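Remarks on the overall topology
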Amino acid sequence: MTAYRTRRGTLGRLGATTLAAAVVACSIGFGATSANAASPSNQPPLTSKDHAITDVPGLVNGRELGSFAGLNGQLVNAPRLLRTESLDKITSAGAATLANEYHVNLVIDLRTPTQVAAKPDVPVPGAQTVNISMFGADGNYNDDTVMYHDLVDKGYNGPSDRGPMITAYAQILRLIAQDTTGTVLIHCSHGMDRTGTVMDLLYNILGVGESDILHDYLLSNTQLNVTWATPALLQGTFESDVDSKYGGIDSYLRKTIGLTDQDFAALRTNLLVSNDATVSAITVDGVSVPLDAAASAAGATITDPQTTLTTSGVTVTTTNPNATASAAVSGRTVTITATAQDGTTVAHYIVNAALPASTTGSSTTGSGTTAAGLTSSGTVAQLPATGSDDTPVVLVGGIGGALLIIGGALLMRRRTKRAMS
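Residues numbered from 1 in each chain as written. Predicted model: local features only at pLDDT ≥ 70, side-chain atom pairs only at ≥ 80, totals over all residues. Heavy atoms only, no water.

The phi angle at Asn-72 is positive, at roughly 55 degrees, despite the residue not being glycine. When you line up the elements, Asn-72 lands in the loop between strand 1 (63-64) and strand 2 (75-76). Despite not being glycine, His-103 has its phi angle at roughly 60 degrees, a positive value. Examined against the element boundaries, His-103 turns out to sit in the loop between helix 3 (92-100) and strand 4 (104-109). (Helix = DSSP H or I, 4+ residues; strand = E, 2+ residues; numbered from the N terminus.)

This part covers helix 9 (residues 231-246). Along helix 9, the sharpest kink reaches roughly 30 degrees, centred on Ser-240. Buried positions along helix 9 lie against helix 5 (144-153), helix 6 (163-178), helix 7 (194-206), helix 8 (210-224) and helix 10 (249-257). In the segment just after helix 9, Gly-247 is the residue with positive phi, at about 75 degrees. (Bend = angle between axes of the 7 residues up to and from the residue. Contact = heavy atoms within 4.5 Å.)

Turning next to the nonpolar core. If you look at the biggest cluster of nonpolar residues, it comprises 58 residues, and the most contacted ones within it are Tyr-169 and Ile-172. Per element, the largest residue contribution to this core is nine residues, and it comes from helix 6. With sequence-adjacent residues up to four places away left out, Ile-172 is seen in contact with Ile-108, Leu-110, Ile-132, Met-134, Ile-186 and Val-198. With 18 residues, the next largest nonpolar core counts Val-279, Val-284, Val-314 and Ala-347 among its residues. (Core = buried A, V, L, I, M, F, W, Y, C linked by side-chain atoms within 4.5 Å. Buried < 20%, exposed > 50% of the residue type's maximum accessible area, 1.4 Å probe, protein only.)

Two elements in contact, helix 7 and helix 9, have axes separated by 12 Å at closest approach and are oriented at 70 degrees. Comparing their axes, helix 9 and helix 7 come out roughly perpendicular. Of the residues in helix 9, those in contact with Gly-196, Thr-197, Asp-200 and Leu-201 of helix 7 are Leu-234, Phe-238 and Glu-239. When the residues that make up the contact of helix 7 with helix 9 are grouped by side-chain class, the tally is three nonpolar, two polar and two charged. (Axes fitted to C-alpha atoms, helices over the stretch in contact; angles between N-to-C directions. Parallel < 35°, antiparallel > 145°, perpendicular 65-115°, else oblique. Nonpolar A, V, L, I, M, F, W, Y, C, P; charged D, E, K, R; others polar.)

Next up on the list: the sheet that holds strand 9 (residues 287-288). Across the sheet, three strands lie side by side as 9-8-11; this open sheet has antiparallel pairing. The open sheet has two edge strands with one neighbour each: strand 9 and strand 11 (314-318). With five bridges connecting them, strand 8 (residues 279-284) and strand 11 associate as antiparallel partners. Bridged to Ile-282 within strand 11 is Val-316. (Pairing = 2+ DSSP bridges.)

The next subject is helix 11 (residues 261-271). The periodicity of an α-helix, 3.6 residues per turn, causes residues three or four places apart in sequence to face the same way. If you check which residues of helix 11 are buried, you get Asp-263, Phe-264, Leu-267, Asn-270 and Leu-271. One side of helix 11 carries all its buried residues, which in axial view fall inside an arc of 140 degrees. For helix 11, the exposed residues lying more than 90 degrees away from the buried face are Asp-261, Gln-262 and Thr-269. The secondary structure elements touched by the buried residues of helix 11 are strand 2, helix 6, helix 7, helix 10 and strand 7 (272-273). (Arc of directions from axis to C-beta.)

Turning next to the side chain of Ser-220. With respect to the element layout, Ser-220 can be found in helix 8. Judged by its relative accessible area of 0%, Ser-220 is buried. When sequence neighbours within four positions are dropped, the list of residues in contact with Ser-220 reads Asn-61, Arg-63, Arg-83, Gly-191, Met-192 and Val-226.

Let us look at the pairing of strand 4. Burial runs high along strand 4: five of the six residues are buried. The pairing of strand 4 with strand 6 (residues 183-187) spans five bridges and is parallel. Counted as the bridge partner of Ile-108 is Ile-186 from strand 6. Across four bridges, the pairing between strand 4 and strand 5 (residues 128-131) is parallel. Bridge pairing in strand 5 places Leu-106 opposite Gln-128. In this fold, the crossover linking strand 4 to strand 5 by way of helix 4 (residues 113-118) has right-handed handedness. (Right-handed = clockwise from strand over helix to strand, strands pointing away.)

Right, let's talk about the side chain of Gln-115 for a bit. Mapping Gln-115 onto the fold places it in helix 4. Overall, Gln-115 belongs to the buried group, its relative accessible area being 19%. In contact with Gln-115, other than residues within four places in its own chain, are Gly-139, Ser-189 and Arg-194.

This part is about the sheet that holds strand 1. Reading across from one edge, 1-3-6-4-5 is the order of the five strands in this open sheet, with mixed pairing throughout. Among the strands making up the open sheet, the edge pair consists of strand 1 and strand 5. Contacts from helix 6 reach strand 3 (81-84), strand 4, strand 5 and strand 6, with the element oriented near 175 degrees to strand 4.

Considering all chains together, one arrives at four aromatic pairs under this definition. Here the aromatic rings of Phe-68 and Tyr-203 are separated by 5.6 Å at their centres, their planes lie at 65 degrees, and the arrangement is edge-to-face. Here the residue Phe-68 occupies a position in the loop between strand 1 and strand 2, and Tyr-203 occupies one in helix 7, the gap between them amounting to 135 residues. For Phe-68, a relative accessible area of 1% puts it in the buried group. Classification of Tyr-203 as buried rests on a relative accessible area of 0%. Here the aromatic residues Tyr-156, Tyr-246 and Tyr-252 are joined through ring pairs into a cluster of three or more. (Phe/Tyr/Trp six-rings, centres within 6.5 Å; stacked < 30°, edge-to-face > 60°.)

Evaluated as defined, the whole model comprises nine salt bridges. For the salt bridge of Arg-63 with Asp-216, the shortest nitrogen-to-oxygen distance reads 3.4 Å. With Arg-63 in strand 1 and Asp-216 in helix 8, this pair connects stretches of sequence that are 153 residues apart. The class of Asp-216 is buried, set by a relative accessible area of 1%. Connected through salt bridges with shared partners, the residues Arg-63, Arg-83 and Asp-216 form a single ionic network. (Salt bridge = Lys/Arg side-chain N within 4 Å of Asp/Glu carboxyl O.)

Set out below in C-alpha coordinates:
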(Lines give C-alpha, C1' and ligand atoms only; values in the text may rest on other atoms or scores of the structure.)
Protein backbone atom coordinates (compact mmCIF):
# COMPACT_ATOMS: atom_id res chain seq x y z
CA MET A 1 0.00 0.00 0.00
CA THR A 2 1.54 3.30 -1.07
CA ALA A 3 1.99 5.79 1.77
CA TYR A 4 0.55 9.18 0.91
CA ARG A 5 1.06 12.57 2.50
CA THR A 6 -0.55 12.99 5.90
CA ARG A 7 -3.18 15.69 5.70
CA ARG A 8 -2.61 18.66 7.94
CA GLY A 9 -4.93 19.86 10.66
CA THR A 10 -8.34 20.78 9.28
CA LEU A 11 -8.76 24.04 11.20
CA GLY A 12 -5.38 25.32 10.07
CA ARG A 13 -6.09 24.46 6.46
CA LEU A 14 -9.53 26.10 6.57
CA GLY A 15 -8.13 29.27 8.09
CA ALA A 16 -5.43 29.52 5.46
CA THR A 17 -7.94 28.85 2.70
CA THR A 18 -10.28 31.57 3.94
CA LEU A 19 -7.41 34.05 3.87
CA ALA A 20 -6.40 32.93 0.38
CA ALA A 21 -9.96 33.37 -0.89
CA ALA A 22 -10.12 36.85 0.61
CA VAL A 23 -7.10 38.08 -1.33
CA VAL A 24 -7.50 36.04 -4.49
CA ALA A 25 -8.72 38.91 -6.65
CA CYS A 26 -5.38 40.61 -6.14
CA SER A 27 -3.18 37.53 -6.35
CA ILE A 28 -4.49 35.71 -9.38
CA GLY A 29 -5.11 38.61 -11.71
CA PHE A 30 -8.40 37.27 -13.16
CA GLY A 31 -9.97 40.70 -12.82
CA ALA A 32 -12.86 39.83 -10.50
CA THR A 33 -15.13 42.85 -10.18
CA SER A 34 -18.01 43.91 -7.98
CA ALA A 35 -20.33 42.12 -10.38
CA ASN A 36 -18.74 38.90 -9.12
CA ALA A 37 -19.46 39.61 -5.48
CA ALA A 38 -19.80 36.70 -3.09
CA SER A 39 -23.02 34.72 -3.43
CA PRO A 40 -24.17 32.61 -0.47
CA SER A 41 -25.50 29.91 -2.78
CA ASN A 42 -22.73 29.84 -5.40
CA GLN A 43 -19.76 30.42 -3.08
CA PRO A 44 -20.14 27.68 -0.49
CA PRO A 45 -17.87 27.74 2.56
CA LEU A 46 -15.17 25.12 2.86
CA THR A 47 -16.02 22.24 5.20
CA SER A 48 -14.03 19.54 6.94
CA LYS A 49 -14.52 17.36 3.84
CA ASP A 50 -12.73 19.89 1.62
CA HIS A 51 -8.95 20.13 1.41
CA ALA A 52 -7.78 23.34 -0.19
CA ILE A 53 -4.12 23.58 -1.14
CA THR A 54 -2.70 26.62 0.65
CA ASP A 55 1.02 25.84 0.79
CA VAL A 56 1.91 26.17 -2.92
CA PRO A 57 2.78 29.80 -3.73
CA GLY A 58 1.04 31.05 -6.85
CA LEU A 59 -1.73 28.42 -6.70
CA VAL A 60 -5.21 29.68 -5.81
CA ASN A 61 -7.85 27.24 -7.06
CA GLY A 62 -6.17 24.07 -5.86
CA ARG A 63 -7.72 21.34 -3.74
CA GLU A 64 -7.63 17.62 -3.20
CA LEU A 65 -10.58 15.37 -3.83
CA GLY A 66 -13.34 15.91 -1.30
CA SER A 67 -13.54 13.34 1.51
CA PHE A 68 -17.07 12.43 0.47
CA ALA A 69 -19.00 9.23 1.10
CA GLY A 70 -18.82 7.04 -1.96
CA LEU A 71 -19.94 3.66 -3.20
CA ASN A 72 -21.09 1.20 -0.50
CA GLY A 73 -20.25 3.66 2.25
CA GLN A 74 -16.58 3.86 1.29
CA LEU A 75 -14.72 7.15 1.55
CA VAL A 76 -13.14 9.09 -1.32
CA ASN A 77 -9.35 8.91 -0.88
CA ALA A 78 -8.75 12.66 -0.95
CA PRO A 79 -4.93 12.88 -1.39
CA ARG A 80 -4.92 10.67 -4.49
CA LEU A 81 -5.95 13.43 -6.91
CA LEU A 82 -5.57 17.21 -7.05
CA ARG A 83 -7.57 19.65 -9.18
CA THR A 84 -6.09 23.08 -9.90
CA GLU A 85 -5.86 25.96 -12.33
CA SER A 86 -2.89 26.12 -14.71
CA LEU A 87 0.52 25.91 -13.09
CA ASP A 88 2.08 28.87 -14.89
CA LYS A 89 2.05 31.09 -11.78
CA ILE A 90 3.49 28.71 -9.21
CA THR A 91 7.06 29.15 -7.99
CA SER A 92 9.80 26.57 -8.26
CA ALA A 93 9.42 26.04 -4.51
CA GLY A 94 5.70 25.45 -5.02
CA ALA A 95 6.43 22.92 -7.74
CA ALA A 96 8.80 21.14 -5.34
CA THR A 97 6.03 21.07 -2.72
CA LEU A 98 3.68 19.41 -5.20
CA ALA A 99 6.33 16.78 -5.85
CA ASN A 100 7.60 16.20 -2.32
CA GLU A 101 4.59 16.87 -0.11
CA TYR A 102 1.71 15.93 -2.40
CA HIS A 103 3.61 13.20 -4.30
CA VAL A 104 2.40 14.38 -7.72
CA ASN A 105 3.75 12.02 -10.37
CA LEU A 106 1.31 12.75 -13.22
CA VAL A 107 0.01 16.10 -14.50
CA ILE A 108 -2.90 16.05 -16.97
CA ASP A 109 -3.25 19.40 -18.77
CA LEU A 110 -6.66 19.83 -20.45
CA ARG A 111 -5.87 23.09 -22.27
CA THR A 112 -5.59 23.67 -25.99
CA PRO A 113 -2.13 23.83 -27.57
CA THR A 114 -2.50 27.61 -27.95
CA GLN A 115 -3.33 28.04 -24.27
CA VAL A 116 -0.42 25.85 -23.23
CA ALA A 117 2.00 27.84 -25.39
CA ALA A 118 0.75 31.15 -24.01
CA LYS A 119 1.03 30.11 -20.36
CA PRO A 120 3.24 27.04 -20.01
CA ASP A 121 3.18 25.18 -16.72
CA VAL A 122 6.06 25.37 -14.28
CA PRO A 123 7.14 21.70 -14.35
CA VAL A 124 6.67 19.53 -11.29
CA PRO A 125 9.99 17.75 -10.63
CA GLY A 126 9.83 14.07 -11.49
CA ALA A 127 6.25 14.20 -12.76
CA GLN A 128 5.08 13.18 -16.21
CA THR A 129 2.94 15.75 -18.05
CA VAL A 130 0.28 14.67 -20.54
CA ASN A 131 -1.54 17.27 -22.65
CA ILE A 132 -5.08 16.29 -23.65
CA SER A 133 -7.03 19.12 -25.25
CA MET A 134 -10.71 18.47 -24.57
CA PHE A 135 -11.84 21.14 -27.04
CA GLY A 136 -9.39 20.14 -29.74
CA ALA A 137 -7.71 23.08 -31.47
CA ASP A 138 -10.29 25.74 -30.60
CA GLY A 139 -11.21 26.41 -26.96
CA ASN A 140 -12.43 30.04 -27.07
CA TYR A 141 -16.06 30.63 -26.03
CA ASN A 142 -18.00 33.83 -25.48
CA ASP A 143 -21.02 31.97 -24.10
CA ASP A 144 -20.66 29.61 -21.14
CA THR A 145 -23.86 27.72 -21.96
CA VAL A 146 -22.61 26.94 -25.47
CA MET A 147 -19.33 25.79 -23.92
CA TYR A 148 -21.10 23.41 -21.52
CA HIS A 149 -23.11 21.90 -24.37
CA ASP A 150 -19.80 21.26 -26.14
CA LEU A 151 -18.33 19.77 -22.95
CA VAL A 152 -20.74 16.87 -23.44
CA ASP A 153 -19.78 15.75 -26.94
CA LYS A 154 -18.02 18.31 -29.11
CA GLY A 155 -17.35 16.75 -32.52
CA TYR A 156 -19.07 13.44 -31.74
CA ASN A 157 -20.66 11.78 -34.76
CA GLY A 158 -20.86 8.22 -33.50
CA PRO A 159 -18.56 5.39 -32.39
CA SER A 160 -16.45 5.64 -35.53
CA ASP A 161 -16.07 9.44 -35.30
CA ARG A 162 -15.89 10.27 -31.61
CA GLY A 163 -14.54 13.81 -31.78
CA PRO A 164 -12.08 15.45 -29.35
CA MET A 165 -14.36 15.61 -26.28
CA ILE A 166 -15.38 11.95 -25.97
CA THR A 167 -11.88 10.85 -26.95
CA ALA A 168 -10.42 13.10 -24.23
CA TYR A 169 -12.73 11.81 -21.48
CA ALA A 170 -11.76 8.22 -22.26
CA GLN A 171 -8.04 9.05 -22.19
CA ILE A 172 -8.25 11.10 -19.00
CA LEU A 173 -10.26 8.60 -16.98
CA ARG A 174 -8.09 5.67 -18.08
CA LEU A 175 -4.90 7.56 -17.16
CA ILE A 176 -6.30 8.15 -13.67
CA ALA A 177 -7.32 4.50 -13.43
CA GLN A 178 -3.84 3.33 -14.39
CA ASP A 179 -1.92 5.53 -11.94
CA THR A 180 -1.47 3.51 -8.76
CA THR A 181 1.81 4.84 -7.38
CA GLY A 182 1.38 8.55 -6.70
CA THR A 183 -0.94 11.53 -7.00
CA VAL A 184 -2.58 12.77 -10.19
CA LEU A 185 -2.92 16.53 -10.76
CA ILE A 186 -5.51 17.56 -13.33
CA HIS A 187 -6.09 21.13 -14.53
CA CYS A 188 -7.36 23.38 -17.28
CA SER A 189 -7.02 27.19 -17.35
CA HIS A 190 -9.03 28.21 -14.30
CA GLY A 191 -9.61 24.70 -12.91
CA MET A 192 -13.37 25.17 -13.17
CA ASP A 193 -15.14 24.13 -16.39
CA ARG A 194 -13.23 21.37 -18.17
CA THR A 195 -11.81 20.16 -14.88
CA GLY A 196 -15.29 20.49 -13.37
CA THR A 197 -17.00 18.15 -15.84
CA VAL A 198 -14.19 15.57 -15.56
CA MET A 199 -14.66 15.64 -11.80
CA ASP A 200 -18.44 15.30 -12.20
CA LEU A 201 -17.96 12.09 -14.19
CA LEU A 202 -15.27 10.79 -11.83
CA TYR A 203 -17.33 11.45 -8.69
CA ASN A 204 -20.28 9.64 -10.28
CA ILE A 205 -18.09 6.60 -10.90
CA LEU A 206 -17.06 6.70 -7.23
CA GLY A 207 -20.68 6.87 -6.08
CA VAL A 208 -20.55 10.40 -4.62
CA GLY A 209 -23.91 12.08 -4.03
CA GLU A 210 -25.28 14.87 -6.23
CA SER A 211 -25.11 17.54 -3.53
CA ASP A 212 -21.43 16.82 -2.78
CA ILE A 213 -20.56 16.91 -6.48
CA LEU A 214 -22.20 20.31 -6.88
CA HIS A 215 -20.54 21.59 -3.69
CA ASP A 216 -17.08 20.63 -4.95
CA TYR A 217 -17.80 22.23 -8.33
CA LEU A 218 -18.90 25.53 -6.77
CA LEU A 219 -15.83 25.70 -4.51
CA SER A 220 -13.95 27.09 -7.51
CA ASN A 221 -16.08 30.24 -7.09
CA THR A 222 -15.15 30.35 -3.42
CA GLN A 223 -11.44 29.99 -4.02
CA LEU A 224 -11.29 32.32 -7.03
CA ASN A 225 -13.79 34.81 -5.54
CA VAL A 226 -15.99 34.71 -8.65
CA THR A 227 -19.47 33.46 -9.52
CA TRP A 228 -18.78 31.92 -12.91
CA ALA A 229 -19.67 28.35 -11.96
CA THR A 230 -23.42 27.80 -11.54
CA PRO A 231 -25.78 24.85 -11.03
CA ALA A 232 -27.45 25.85 -14.31
CA LEU A 233 -24.22 25.13 -16.18
CA LEU A 234 -23.23 21.85 -14.54
CA GLN A 235 -26.63 20.35 -13.82
CA GLY A 236 -28.96 22.29 -16.10
CA THR A 237 -26.78 22.07 -19.20
CA PHE A 238 -24.03 19.42 -18.99
CA GLU A 239 -25.88 16.76 -16.97
CA SER A 240 -29.19 17.54 -18.66
CA ASP A 241 -27.66 16.94 -22.10
CA VAL A 242 -26.08 13.71 -20.92
CA ASP A 243 -29.46 12.51 -19.64
CA SER A 244 -31.48 13.50 -22.69
CA LYS A 245 -28.98 12.47 -25.39
CA TYR A 246 -27.23 9.48 -23.85
CA GLY A 247 -29.57 7.99 -21.26
CA GLY A 248 -27.80 9.17 -18.11
CA ILE A 249 -24.23 9.38 -16.86
CA ASP A 250 -23.67 5.64 -16.37
CA SER A 251 -24.80 4.86 -19.91
CA TYR A 252 -22.79 7.81 -21.22
CA LEU A 253 -19.64 6.56 -19.48
CA ARG A 254 -20.02 2.97 -20.63
CA LYS A 255 -21.61 3.17 -24.09
CA THR A 256 -20.44 6.55 -25.40
CA ILE A 257 -17.09 7.12 -23.69
CA GLY A 258 -16.46 3.37 -23.69
CA LEU A 259 -15.29 2.65 -20.14
CA THR A 260 -15.27 -1.04 -19.21
CA ASP A 261 -16.07 -2.79 -15.93
CA GLN A 262 -12.31 -3.07 -15.43
CA ASP A 263 -11.94 0.71 -15.82
CA PHE A 264 -14.66 1.32 -13.25
CA ALA A 265 -13.09 -1.17 -10.84
CA ALA A 266 -9.62 0.35 -11.21
CA LEU A 267 -10.87 3.89 -10.57
CA ARG A 268 -12.76 2.76 -7.49
CA THR A 269 -9.79 0.79 -6.18
CA ASN A 270 -7.47 3.77 -6.66
CA LEU A 271 -9.75 6.50 -5.35
CA LEU A 272 -11.90 4.91 -2.65
CA VAL A 273 -10.85 3.65 0.75
CA SER A 274 -12.71 0.84 2.46
CA ASN A 275 -14.93 1.30 5.51
CA ASP A 276 -14.64 -2.40 6.35
CA ALA A 277 -13.38 -2.78 9.92
CA THR A 278 -14.52 -6.36 10.45
CA VAL A 279 -12.20 -9.11 11.61
CA SER A 280 -12.09 -12.57 10.04
CA ALA A 281 -10.05 -14.37 12.73
CA ILE A 282 -8.69 -13.83 16.24
CA THR A 283 -6.45 -16.17 18.23
CA VAL A 284 -5.09 -15.66 21.73
CA ASP A 285 -2.06 -17.83 22.54
CA GLY A 286 -3.11 -20.07 19.67
CA VAL A 287 -6.70 -20.47 20.93
CA SER A 288 -9.33 -19.56 18.32
CA VAL A 289 -11.88 -16.96 19.43
CA PRO A 290 -15.59 -17.08 18.41
CA LEU A 291 -16.02 -13.79 16.57
CA ASP A 292 -19.77 -13.24 17.10
CA ALA A 293 -19.35 -13.52 20.86
CA ALA A 294 -16.21 -11.35 20.82
CA ALA A 295 -18.12 -8.59 19.04
CA SER A 296 -20.82 -8.53 21.74
CA ALA A 297 -20.77 -6.24 24.76
CA ALA A 298 -19.84 -9.10 27.13
CA GLY A 299 -17.19 -10.48 24.81
CA ALA A 300 -16.11 -14.08 24.18
CA THR A 301 -14.70 -16.40 26.84
CA ILE A 302 -11.96 -18.88 26.04
CA THR A 303 -9.75 -21.18 28.11
CA ASP A 304 -6.10 -20.15 28.01
CA PRO A 305 -3.44 -21.99 30.08
CA GLN A 306 -1.04 -19.07 29.94
CA THR A 307 -0.83 -17.47 33.39
CA THR A 308 0.18 -14.10 31.95
CA LEU A 309 -1.44 -12.61 28.85
CA THR A 310 0.56 -10.38 26.51
CA THR A 311 -0.26 -8.63 23.24
CA SER A 312 2.42 -10.72 21.52
CA GLY A 313 0.15 -13.72 21.92
CA VAL A 314 -2.76 -12.03 20.11
CA THR A 315 -3.16 -12.55 16.36
CA VAL A 316 -5.83 -10.64 14.40
CA THR A 317 -6.73 -11.04 10.72
CA THR A 318 -8.84 -8.25 9.21
CA THR A 319 -11.36 -8.96 6.45
CA ASN A 320 -9.96 -6.10 4.38
CA PRO A 321 -6.16 -6.27 4.15
CA ASN A 322 -5.91 -2.47 4.30
CA ALA A 323 -7.54 -2.32 7.73
CA THR A 324 -5.39 -2.30 10.88
CA ALA A 325 -5.86 -3.82 14.32
CA SER A 326 -4.44 -3.17 17.78
CA ALA A 327 -4.78 -5.12 21.03
CA ALA A 328 -4.66 -4.11 24.69
CA VAL A 329 -4.43 -6.50 27.65
CA SER A 330 -5.84 -5.83 31.12
CA GLY A 331 -5.53 -8.80 33.48
CA ARG A 332 -7.32 -11.70 31.80
CA THR A 333 -9.17 -9.52 29.25
CA VAL A 334 -7.99 -8.67 25.74
CA THR A 335 -9.58 -5.71 23.92
CA ILE A 336 -9.07 -5.52 20.16
CA THR A 337 -9.76 -2.42 18.04
CA ALA A 338 -9.92 -2.79 14.26
CA THR A 339 -9.73 0.41 12.17
CA ALA A 340 -10.89 0.49 8.56
CA GLN A 341 -8.80 1.91 5.74
CA ASP A 342 -10.86 5.11 5.86
CA GLY A 343 -9.34 5.85 9.27
CA THR A 344 -12.70 6.54 10.91
CA THR A 345 -14.70 3.31 10.96
CA VAL A 346 -13.80 1.05 13.91
CA ALA A 347 -14.93 -2.27 15.35
CA HIS A 348 -14.26 -3.56 18.86
CA TYR A 349 -13.79 -7.14 20.07
CA ILE A 350 -13.41 -8.40 23.66
CA VAL A 351 -11.86 -11.71 24.73
CA ASN A 352 -11.95 -13.02 28.31
CA ALA A 353 -9.27 -15.66 28.89
CA ALA A 354 -10.05 -18.05 31.76
CA LEU A 355 -7.45 -20.38 33.30
CA PRO A 356 -8.17 -24.13 33.10
CA ALA A 357 -10.02 -25.65 36.11
CA SER A 358 -7.70 -27.59 38.60
CA THR A 359 -7.92 -29.53 41.96
CA THR A 360 -5.62 -28.93 44.95
CA GLY A 361 -5.04 -30.45 48.48
CA SER A 362 -6.48 -33.91 47.74
CA SER A 363 -5.41 -37.26 49.32
CA THR A 364 -6.45 -40.89 48.97
CA THR A 365 -7.93 -42.95 51.83
CA GLY A 366 -7.22 -46.63 52.49
CA SER A 367 -10.42 -47.54 50.69
CA GLY A 368 -9.30 -45.67 47.60
CA THR A 369 -11.60 -42.60 47.88
CA THR A 370 -10.39 -39.03 47.64
CA ALA A 371 -10.67 -36.62 50.54
CA ALA A 372 -10.37 -33.08 49.37
CA GLY A 373 -10.35 -29.67 50.96
CA LEU A 374 -8.56 -30.57 54.20
CA THR A 375 -6.72 -27.88 56.16
CA SER A 376 -3.83 -27.88 58.63
CA SER A 377 -6.17 -27.57 61.64
CA GLY A 378 -6.79 -31.35 61.82
CA THR A 379 -4.76 -34.54 61.56
CA VAL A 380 -5.80 -37.86 60.10
CA ALA A 381 -4.23 -40.97 61.57
CA GLN A 382 -4.51 -43.88 59.22
CA LEU A 383 -5.03 -47.36 60.68
CA PRO A 384 -2.24 -49.90 60.25
CA ALA A 385 -2.63 -52.28 57.39
CA THR A 386 -2.69 -55.24 59.82
CA GLY A 387 -4.01 -55.72 63.41
CA SER A 388 -7.02 -57.07 65.41
CA ASP A 389 -10.25 -55.32 66.17
CA ASP A 390 -9.08 -54.47 69.73
CA THR A 391 -5.94 -52.75 68.61
CA PRO A 392 -5.82 -49.60 70.77
CA VAL A 393 -6.18 -46.43 68.88
CA VAL A 394 -5.35 -43.07 70.37
CA LEU A 395 -6.58 -39.99 68.57
CA VAL A 396 -4.98 -36.81 69.60
CA GLY A 397 -6.15 -33.65 68.15
CA GLY A 398 -6.53 -30.20 69.53
CA ILE A 399 -8.69 -29.57 72.62
CA GLY A 400 -10.49 -32.95 72.45
CA GLY A 401 -7.21 -34.81 72.81
CA ALA A 402 -6.15 -32.70 75.79
CA LEU A 403 -9.47 -33.30 77.59
CA LEU A 404 -9.16 -37.06 77.04
CA ILE A 405 -5.72 -37.12 78.65
CA ILE A 406 -6.85 -35.05 81.66
CA GLY A 407 -9.96 -37.19 82.14
CA GLY A 408 -7.87 -40.38 82.09
CA ALA A 409 -5.46 -39.01 84.73
CA LEU A 410 -8.32 -38.11 87.11
CA LEU A 411 -9.85 -41.56 86.72
CA MET A 412 -6.58 -43.30 87.56
CA ARG A 413 -6.15 -41.10 90.65
CA ARG A 414 -9.65 -42.00 91.88
CA ARG A 415 -9.01 -45.74 91.43
CA THR A 416 -5.75 -45.41 93.39
CA LYS A 417 -7.51 -43.79 96.34
CA ARG A 418 -10.12 -46.54 96.43
CA ALA A 419 -7.43 -49.22 96.46
CA MET A 420 -5.61 -47.54 99.36
CA SER A 421 -8.80 -47.35 101.43
